[in-house]
Amino acid sequence: MPAIDTDYLGLRLRSPIVASAGPLTGDVDTAARLADAGVGALVLPSLFEEEIEHEEVELVAALEAGAEHYAEALDYFPAVPHFPTAPERYLAHLDATRARVDVPVIASLNASSPGGWTRYARLLADAGADAIELNVYRVATDPRRDPASFEADDLAIVADVRAAVEVPVAVKLSPFYTAMANFAGRVIRAGADGLVLFNRFYQPDIDIDSRTIAPRLELSSPWELRLPLRWIAILRAHLPGGASLAASSGVETGADVAKALLVGADVAMTTSAVLRHGPEHVRAMEDELVAWMSGHEYVSVDQLRGSVSQATAEDPAAFERANYVRILHSWTTSAETPV
């Protein structure tokens, strides 16, 4: 049987299938089911600084409501010694999850201020997270700022967090940087141990009846894996220091995991597949991966990794513009379709 253990962020994982941040890893019982099904690691849902700030503002407003008008009413209620904060609840969930599973638990952080990134990263590291994933999610809407200034801000986040914690740090990027290959290398040189490609940007919809913006979440589809595949194949040989690479978005089957490994990923992350099919779907993905590896005479993930990256592929240009025309010509009209 092929060996499917792999290295990711300096951690040795029993499987290249990782449960990425999502509602399933936000529940301790379901996280345990994912671990029992065979995932190599769990990424917890993100701790959002905006939610922390909003909660604090709402709590203060609720406690102070009416105090200036009915001061005597304050004596009617017993003193409440402490309200658990969002960070405290997150740390409690991290601790409970680590106690239930036998795989690495990676905390995810999405902050909005330079101080927030480092402050909460320290909390997560001190609480026992095996690694931290920085969920750098930004929509560059200010027309007065140039791309270099946005990139400088993101690189500063990575450098500050790296200086603040000793645990491994991964950065989950969007694909919308001006020069992706260059920026990816700079993120690693700023201190990241690995990259997660890519962060999905959830686009708002419009409710035409109420004429309001309507947030709607759609699960990823396998075709979305093609973008991470292309960039992992390009970056695999060019990132400094043997940095880790994780494929994210569109990982539905064991075949998708094999594709990610072939182009050079260390792990393939999935959420939508297990939301559709349940945590036990991980076992089916692993079985399919093992069967494919056996059929193609791969003895380990280490041997498989990067077999079809840009550096090793028979046609390296297939990952660049040369493939554009070929893709267009790949469409064939079905005999049943009238022309």
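See the structure printed just above.
What this report covers is the structure whose coordinates are included nearby. Note that the structure is predicted; figures quoted are calculated from it, not measured.

Cut-offs and rules
- Residues numbered from 1 in each chain as written.
- Predicted model: local features only at pLDDT ≥ 70, side-chain atom pairs only at ≥ 80, totals over all residues.
- Heavy atoms only, no water.
- Salt bridge = Lys/Arg side-chain N within 4 Å of Asp/Glu carboxyl O.
- Helix = DSSP H or I, 4+ residues; strand = E, 2+ residues; numbered from the N terminus.
- Buried < 20%, exposed > 50% of the residue type's maximum accessible area, 1.4 Å probe, protein only.
- Pairing = 2+ DSSP bridges.
- Axes fitted to C-alpha atoms, helices over the stretch in contact; angles between N-to-C directions.
- Parallel < 35°, antiparallel > 145°, perpendicular 65-115°, else oblique.
- Left-handed = near helix turned anticlockwise from the far one by under 90°.
- Contact = heavy atoms within 4.5 Å.
- Nonpolar A, V, L, I, M, F, W, Y, C, P; charged D, E, K, R; others polar.

For the structure shown, the criterion picks out 16 salt bridges. Here Glu280 ties to Arg33 by a salt bridge, and the two come within 2.8 Å at their closest N and O atoms. Of this pair, Glu280 sits in the loop between helix 9 (272–277) and helix 10 (281–295) while Arg33 sits in helix 1 (residues 28–37), and the two are 247 residues apart along the sequence. Accessibility expressed as a relative area gives 39% for Arg33, which makes it partly exposed. For Asp142, the salt bridge identified is with Arg144, shortest N-O distance 3.0 Å. On the basis of relative accessibility, which here comes to 23%, the residue Asp142 falls in the partly exposed class. On the basis of relative accessible area, Arg144 is assigned to the exposed category, the value being 75%.

As summarised here, the arrangement of the eight strands in space is 3-4-5-6-7-8-11-12, forming a closed barrel in which the pairing is parallel. Taking the axes of each pair of neighbouring strands and ignoring which way they run, one obtains an average angle of 25° across the sheet. Note: strand 8 (residues 194–197) against strand 11 (residues 244–248), four bridges, orientation parallel. Residue pairing in the sheet places Gly194 in a bridge with Ser244 of strand 11.

With their axes 10 Å apart at the nearest point, helix 3 (residues 86–100) and helix 4 (residues 114–126) run at an angle of 30° to one another. Here helix 3 is positioned roughly parallel relative to helix 4, judged by the angle of their axes. Seen along the crossing, helix 3 lies across helix 4 with a hand that is right-handed. Across the interface between the two elements, Pro87, Tyr90, Leu91 and Leu94 from helix 3 touch Tyr120, Leu123 and Leu124 from helix 4. The residue makeup of the contact of helix 3 with helix 4, split by class, is seven nonpolar, no polar and no charged.

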